[in-house]
Amino acid sequence: MSADHAHDHDHDHDSEQDHDHDDHGHGHAGHSHGVSADADRRWLTLALGLIVGFMLVEVTIGVVAHSLALLSDAAHMLTDAASIVLALTAIRLAARPARGVYTFGFKRAEILSAMANGVTLLVLSLWLTVEAVQRLVSPPEVTGGLVLVTALVGIVVNIAAGWAISKANRTSLNVEGAFQHILTDLYGFIATAIAGLVVLTTGFARADAIASLVVVVLMVRAGAGLVRDSARIFLEAAPAGTDPDQIGDKIVTLAGVDEVHDLHIWTITSGQTALSAHVLVELGRDCHGLRRQIEQFLRQDHGITHTTLQVDHTPTPGDIDDAAAPGLTVPLDHAHCDDAHGPVHRDEPHEH
């Protein structure tokens, strides 16, 4: 690499301490990692106690009343409890610094839990579907009054739990996810209450199984969403709504930028997006200044604050010939990366 290739490694924290090293720039100014530290554990714990306590009661009454709708609601409440435990655990884990071999800390513990939670929802929904179909064919006797009263109490409990979670810090994606779980379960209890009323007033026992299928639809929707979102993170996909090609094309329109390649955008954990790229700039340009300009664009236009940018001057043919073995000419396109990952972005027509 020629002597006039400039590189930058910059960390911008609350202390505003700025220090430079060679080889690359790394900025993560003013962003929070995972669940924010001020998420209120007391409100989450209160909601968890309400959910778990009523879930145990509901399972007992569901068995006594022969109500699959109540049992399916209880199964969904189990996932509600898991989502709250996940939020509480993530708050604790997020406070642990990254060190040793865990260079990102334990940020993805919540993603592992989310995947397990989603798979559990899907497995339970499959079992409940089979049971509901069997009860549609041969409906057992259902105690409509007991189902109705229990569902009405469940509506009250879910409203109280939702109120408690709403008092916590809902800017945390974990807390917001738990809140959405409670909201989904509330809809399920409304369906169960309607089923109990139908059974009580008309004797139509199949209403219980139909209500169970309504809950199954809600469970599948929630479970599939959790599996999809966690799988995207594990596969290092760009966050939903983020187009890496569009970002790369925008960067190369900045004055002085010749090329962007090895552009990677991924999610470390919920709400924490990271980006890395190799940027080539014109000879004579200020690598540090352009790096800061790119970081500002990423922060303001895309909300990406955890960035690692390697910024180099574009090599000249003379630089490449000097670095090559005797008698070997290295193409300019491969001067820096023999095997670039993804498209190479230039301010000209190129493949995506």
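Analysis parameters
- Residues numbered from 1 in each chain as written.
- Predicted model: local features only at pLDDT ≥ 70, side-chain atom pairs only at ≥ 80, totals over all residues.
- Heavy atoms only, no water.
- UniProt positions renumbered as here; feature names shortened; annotations may be inferred.
- Helix = DSSP H or I, 4+ residues; strand = E, 2+ residues; numbered from the N terminus.
- Phe/Tyr/Trp six-rings, centres within 6.5 Å; stacked < 30°, edge-to-face > 60°.
- Buried < 20%, exposed > 50% of the residue type's maximum accessible area, 1.4 Å probe, protein only.
- Lys NZ or Arg CZ within 6 Å of the ring centre and 35° of its normal.
- Salt bridge = Lys/Arg side-chain N within 4 Å of Asp/Glu carboxyl O.
- Expected span 1.5 Å × (residues − 1).
- Core = buried A, V, L, I, M, F, W, Y, C linked by side-chain atoms within 4.5 Å.
- Patch = residues over 30% accessible without salt bridge, like charges linked within 9 Å, V, L, I, M, F, W, Y side chains within 5 Å.
- Areas by Shrake-Rupley, 256 points an atom, 1.4 Å probe, with all protein chains shown as cover.
- Axes fitted to C-alpha atoms, helices over the stretch in contact; angles between N-to-C directions.
- Parallel < 35°, antiparallel > 145°, perpendicular 65-115°, else oblique.
- Left-handed = near helix turned anticlockwise from the far one by under 90°.
- Contact = heavy atoms within 4.5 Å.
- Nonpolar A, V, L, I, M, F, W, Y, C, P; charged D, E, K, R; others polar.

**Some words on the UniProt feature "transmembrane region" (unreviewed entry) in the chain**
What UniProt calls "transmembrane region" (unreviewed entry) maps, in this numbering, to residues 43-68, 74-91, 111-130, 142-165, 186-204 and 210-227. From the first C-alpha to the last, residues 43-68 spans 31 Å; its make-up is 92% helix and 0% strand. With 92% helix and 0% strand, residues 142-165 has its two end C-alpha atoms placed 34 Å apart.

**A look at the packing of aromatic side chains**
Enumeration over the complete set of coordinates arrives at three aromatic pairs. Geometrically, the ring pair formed by Trp 43 and Trp 163 is edge-to-face, given 5.2 Å between the ring centres and 85° between the ring planes. Residue Trp 43 is found in helix H1 (residues 41-65), and its partner Trp 163 is found in helix H4 (residues 144-167); the two are separated by 120 residues along the sequence. Judged by relative accessible area, Trp 163 falls into the partly exposed class, the value being 46%. In this arrangement the basic side chain of Arg 42 is found over the ring face of Trp 43, its NZ or CZ atom lying 5.0 Å from the centre.

**Observations concerning the pattern of salt bridges**
When charged atoms on two side chains of opposite charge get close, those side chains can pair. Enumeration according to the criterion identifies five salt bridges in this entry. Close ionic contact of Arg 228 with Asp 229 constitutes a salt bridge, the shortest N to O distance being 3.4 Å.

**Focus: H1**
For H1, with 25 residues, the first-to-last C-alpha span of 35 Å sits near the 36 Å given by 1.5 Å per residue. Among the residues of H1, Trp 43, Leu 44, Ala 47, Leu 48, Ile 51, Phe 54, Met 55, Glu 58, Ile 61, Gly 62 and Ala 65 are the ones counted as buried. The positive-phi residue at the C-terminal boundary of H1 is His 66, with phi of around 55°.

**Quick notes on the nonpolar core**
By size, the foremost hydrophobic cluster in this structure holds 29 residues, and its most contacted members are Leu 44, Ile 51, Ile 84 and Ile 165. Elements represented by at least two residues in this core include exactly H1, helix H2 (68-94), H4 and helix H5 (173-202).

**Quick notes on a nonpolar patch on the surface**
A cluster of nonpolar residues, Tyr 187, Ile 190 and Ile 194, forms a patch on the protein surface that exposes about 290 Å² of accessible area. If you trace the backbone, Ile 190 turns up in helix H5.

**Here we look at the packing of H2 against helix H6 (residues 206-234)**
H6 packs onto H2 with a crossing angle of 20° between their chain directions and a minimal axis gap of 8 Å. In terms of axis orientation, H2 runs roughly parallel to H6. The crossing of H2 and H6 is left-handed. When H2 is examined against H6, the residues Leu 68, Ala 69, Ser 72, Asp 73 and His 76 are found in contact with a partner set consisting of Asp 208, Ala 211, Ser 212, Val 215 and Met 219. A breakdown of the residues in the contact of H2 with H6 according to their chemical character gives five nonpolar, three polar and two charged.

**As for the packing of H2 against H4**
Relative orientation of the contacting elements H2 and H4 amounts to 15°, with a least axis distance of 12 Å. The angle between H2 and H4 falls in the class roughly parallel. Considering how the two elements wind past one another, H2 and H4 form a crossing that is left-handed. The segment H2 lies against H4, with Leu 70, Met 77, Asp 80 and Ile 84 engaging Val 147, Thr 150, Ala 151, Asn 158 and Ile 165.

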